[in-house]
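What follows is the residue order along each chain.
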Protein chains: 2
Amino acid sequence: MLVLASASPRRAEIMRLMGLDFAVCPASAEKNPSPELGPGEYTSESALYKAMDVAPRFGPEDTVIGADTVVEIGGLILGKPAGAGDAFRMLKLLSGRTHRVYTGFALIRGSETVTGHELTEVSFRDLSDAEIREYVATGEPMDKAGAYGIQGRGCVLVSGIAGDYFNVMGFPACRIHTELEALRRRFTDA
Amino acid sequence: MLVLASASPRRAEIMRLMGLDFAVCPASAEKNPSPELGPGEYTSESALYKAMDVAPRFGPEDTVIGADTVVEIGGLILGKPAGAGDAFRMLKLLSGRTHRVYTGFALIRGSETVTGHELTEVSFRDLSDAEIREYVATGEPMDKAGAYGIQGRGCVLVSGIAGDYFNVMGFPACRIHTELEALRRRFTDA
């Protein structure tokens, strides 16, 4: 069985797009990696903590998937906004610039662990304060790293990306597909 | 009123994501632009034909939106596959390479017409023949330019893109949002 160690409805949606059968079992304890890590290592370490929290609840044949996403701009790391004011400040910071989205992932099956991260660059067009306020008022920014959802009303904020789109939604579909296939083959061939 | 002159469920889905209220009224006559045009001009001309076919059915206050998408690789233009064999050949051609997706659009409101196109580069990972056959068997390639859907099972074929993701789905959300706002302002200020 595949187990998604995340409560994110967007990650579940991507796994469904991929045609995967899976159970959802969010990690209960959120442990934070060292803030000294770079954003890529930070997210893969955080993803590993989530997967490690959930893995003991399942058997050695099951594969547990953890993921963590952050937004980085000018050396600043943006997680989920604390409130509407925080969301406004984040979107103001992203307006008219290119930022980086890192999603770290971890796969655990029995004694095997695979971790990694993917980077996607996202460019915002210039946003007026009125537009930002209108977007914040939709409530969409509140549960999302960087205060926007590329797969929602936020689609009109983004002029272009470079990298995996699904990585911005929170789950690097192509990379995880490849890693899951490799993991499956290692167990089948063993 | 906004009118989408396209039967594509993906274009309607993106307009809903954008939070737009609209009616769907597909063009009935498909007129093809001159094959001598480059892919960008070809798609915007084709989008204009669709919008022009539908516009006379609506009033001068309504805005009709047409769109057309093609895939280009090595000078070859790929539309929708004619059957499973054709889909296999297209996907084999795209495997391990970067191709270009052009979506042309046309907006008509009263005597005003706006046309344009957006280009997104899409990179496929290496696909085995077995994988391609498996994907073709899902039926997903059949109604899609280039024989894949990036927003479906096809998400695991694409290692990365450069440009607007929604342009690959068939509707350049950010650009159309900007053009619609500019058109609305021209009418409000007039």
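Residues numbered from 1 in each chain as written. Chains lettered and ligands numbered in written order. Predicted model: local features only at pLDDT ≥ 70, side-chain atom pairs only at ≥ 80, totals over all residues. Heavy atoms only, no water.

### Quick word on the pattern of salt bridges
Stage number 1. All told, the structure shown has 24 salt bridges over all chains when counted by the stated rule.
Stage number 2. A salt bridge links E179 of chain A to R175 of chain A; the nearest nitrogen and oxygen atoms lie 3.1 Å apart. You can see E179 of chain A and its partner R175 of chain A sitting in helix α6 (residues 173-189), 4 residues apart, about one turn around the helix.
Stage number 3. What makes R175 of chain A partly exposed here is its relative accessible area of 26%.
Stage number 4. Its salt-bridge partner being D143 of chain B, residue R10 of chain B comes within 3.6 Å of it at the nearest N-O pair. With R10 of chain B in helix α1 (residues 9-17) and D143 of chain B in the loop between α4 (129-137) and β7 (158-163), this pair connects stretches of sequence that are 133 residues apart.
Stage number 5. Through salt bridges with shared partners, a single ionic network connects R10, D143 and K144 of chain A. (Salt bridge = Lys/Arg side-chain N within 4 Å of Asp/Glu carboxyl O. Helix = DSSP H or I, 4+ residues; strand = E, 2+ residues; numbered from the N terminus. Buried < 20%, exposed > 50% of the residue type's maximum accessible area, 1.4 Å probe, protein only.)

### Notes on the interface of chain B and chain A
Stage number 1. Contact with chain B, which involves 25 residues of that partner, is made by 25 residues of chain A.
Stage number 2. Both faces considered, chain B and chain A share a buried interface measuring about 1,900 Å² in area, 66% of it formed by carbon and sulfur atoms.
Stage number 3. Taken together, the connections running from chain B to chain A amount to 0 salt bridges.
Stage number 4. Counting across the chain B and chain A interface gives 8 residue pairs in polar contact (both at pLDDT 80 or more).
Stage number 5. Secondary structure elements with two or more residues in the side of chain B that touches chain A: β7, α5 (165-169) and α6 (173-189) of chain B.
Stage number 6. Counting residues per element, the side of chain B that touches chain A draws most heavily on β7 of chain B, which supplies 6 residues.
Stage number 7. Residue classes in the side of chain B that touches chain A are distributed as 13 nonpolar, 8 polar and 4 charged. (Contact = heavy atoms within 4.5 Å. Buried area = accessible area lost by both parts, 1.4 Å probe. Polar contact = N/O pair within 3.5 Å; in protein donor to acceptor, adjacent residues only side chain to side chain. Nonpolar A, V, L, I, M, F, W, Y, C, P; charged D, E, K, R; others polar.)

### Considerations on the environment of P172 of chain A
Residue and element names in this part refer to chain A.
Stage number 1. Positionally, P172 belongs in the loop between α5 (165-169) and α6.
Stage number 2. Looking at P172, the relative accessible area reads 0%, which means it is buried.
Stage number 3. P172 sits 14 residues away from R186 along the chain, and the two C-alpha atoms are 21 Å apart.
Stage number 4. Residues in contact with P172, not counting those within four places in the same chain, are T103, F105, E118, D164, F166 and N167.

### Looking at the pairing of strand β6 (residues 112-124) of chain B
All names here are of chain B.
Stage number 1. Bridge analysis of strand β5 (residues 98-109) against β6 gives 12 bridges, and the strand direction is antiparallel. Along β6, the bridge assignment pairs V101 with T120.
Stage number 2. In textbook terms, the turn of a hairpin is the stretch between consecutive antiparallel strands, and for β5 and β6 this stretch comprises 2 residues, one of which, G110, has a positive phi near 55 degrees.
Stage number 3. Sheet topology note: the β6/β7 ladder contains 4 bridges and is antiparallel. Paired with F124 across the two strands is V158, which belongs to β7. (Pairing = 2+ DSSP bridges.)

### Looking at α1 of chain B
Residue and element names in this part refer to chain B.
Stage number 1. All of the buried residues in α1 are R10, R11, A12, I14 and M15.
Stage number 2. Taken together, the buried residues of α1 touch β1 (2-4), β2 (22-24), α2 (39-54), β3 (63-73), α5 and α6.
Stage number 3. Of the residues trailing α1, G19 is marked for its positive phi of about 80 degrees.

### Quick notes on the confidence of the model for chain A
Stage number 1. Per-residue confidence for chain A averages 95 on the pLDDT scale, and 99% of its residues sit at or above 70.
Stage number 2. Model confidence for the complex is summarised by a pTM of 0.92, with the ipTM given as 0.89. (pLDDT = per-residue confidence, 0-100.)

### What to know about the relation of the copies chain B and chain A
Stage number 1. With an RMSD of 0.0 Å, the operation that places chain B on chain A is a rotation of 180 degrees combined with a shift of 0.0 Å along the axis. Interpreted geometrically, this transformation is the action of a two-fold axis. Residue A162 of chain B, judged by its C-alpha, is the member of chain B lying nearest the rotation axis, at 2.2 Å.
Stage number 2. A share of 100% of interface residues in chain B that are also interface residues in chain A marks the association as one of identical surfaces. (Least-squares fit on C-alpha atoms with pLDDT ≥ 70 in both.)

### Things to note about the packing of aromatic side chains
Given two aromatic rings, their pairing is described by the distance between the two centres and the angle made by the two planes.
Residues and elements named next belong to chain B.
Stage number 1. According to the stated counting rule, one finds 7 aromatic pairs over all chains in the structure shown.
Stage number 2. Centre to centre, the rings of Y165 and F166 are 5.1 Å apart; their planes meet at 85 degrees, and the pair counts as edge-to-face. Across this residue pair, the class does not change: Y165 and F166 are buried.
Stage number 3. K31 extends its terminal NZ or CZ atom over the ring of Y49, reaching a point 4.3 Å from the ring centre.
Stage number 4. In this structure, R109 packs its charged tip against the face of F187, placed 3.8 Å from the ring centre. (Phe/Tyr/Trp six-rings, centres within 6.5 Å; stacked < 30°, edge-to-face > 60°. Lys NZ or Arg CZ within 6 Å of the ring centre and 35° of its normal.)

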